[in-house]
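An overview of the molecular structure
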Amino acid sequence: MNINKSTFTNIIILVIFAIGIYFRATWYGDLRLSIANAETDSYINSSRSSVLSWKIFAGQRLFTTNLIYKFANDSANCPITSFGKPGLGEEVNRELQPCFDKIALLQNILAIFGWCFLGWMLARWLKNPFVKIVAATVVMIFGFTPQIAEWDSVLSPESLSLSMLVILVGLGLEVTLRAATADEPFKTKADISLLTGFILWYLLWVFVRDVHLYSIPVTVILTLPLFFFNKFR
């Protein structure tokens, strides 16, 4: 069976991803291990708001983070047993904490998927097979380094913010480059579905942390010309 160059390149990238995922999933210990910090209580308290209430959007913390911390908003059954104070030089070991193990696992899965997804989406638009492989590998390795990966055990929104952002960038690459190479962008069902997915994921990312709200005008300014100006595309 003949395998063309593009398929062979994709297989190599997938094999590299599989090796990277294996080391990422085993190098840092159990993916359910977690550690709280000074802000964790505020996310737990905020998550107790009803999903149908306005407060879950405009309370102390924002919608997406509130949804995630609903896994652990029962103080009786979800005690914090590992609490670090790095600002005071007090470090503790991560632990398997009831309820919070689900949050830590979700953060790790999102991170592993997100960095591989971004590497894949970037490689898709590159021409040279060697450059495709290198680009995908570098993105994955960067995301799996301790300086990034260790945030995935911390019970605060930094991990969600970063992992959801790299997925958003991957989707954004696909949306913008498909628009740039199409005679009539956003006309096919695939393009519309992709754009819809990008917008929905962007809204979920925006409501992870309040500082993300400042990205809305910048994103709108950079995106709208794709619809109206061929030269811009």
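Keep in mind that what you see is a predicted model, and the values were worked out from it rather than measured. (Residues numbered from 1 in each chain as written. Predicted model: local features only at pLDDT ≥ 70, side-chain atom pairs only at ≥ 80, totals over all residues. Heavy atoms only, no water.)

**Side note on the state of the cysteines**
One covalent bond between the sulfur atoms of two cysteine residues makes up a disulfide. Inspection of the entire model under this criterion finds one disulfide. The disulfide partner of C78 is C99, and the S-S distance across this bridge is 2.1 Å. With the S-S bond torsion at -60°, the cross-link from C78 to C99 turns out left-handed. Remark: C99 occurs in the loop between α4 (63–68) and α5 (100–124) and C78 occurs in the loop between α4 and α5; sequence separation between them is 21 residues. (Disulfide = S-S within 2.5 Å. Helix = DSSP H or I, 4+ residues; strand = E, 2+ residues; numbered from the N terminus.)

**Here's the deal with the nonpolar core**
Counting 30 residues, the largest nonpolar core has Y69, F100 and I103 as the members making the most contacts within it. Per-element tally for this core: the top contributor is helix α8 (residues 158–180), with seven residues. Non-local contacts of Y69, meaning those with residues more than four positions away in its chain, are made with T40, Y43, I44, S47, I103, Q107, L155 and S156. One finds I112, C116, A123 and V166 within the second-largest nonpolar core, a separate group that totals 15 residues. (Core = buried A, V, L, I, M, F, W, Y, C linked by side-chain atoms within 4.5 Å. Buried < 20%, exposed > 50% of the residue type's maximum accessible area, 1.4 Å probe, protein only. Contact = heavy atoms within 4.5 Å.)

**A closer look at the environment of R209**
Along the polypeptide, R209 turns up in the loop between α9 (189–206) and α10 (215–223). Spatially, the C-alpha atom of R209 lies 18 Å from that of A104, the residues being 105 residues apart in sequence. Leaving out residues up to four positions away in the same chain, R209 has contacts with L62, P157, E158 and S161.

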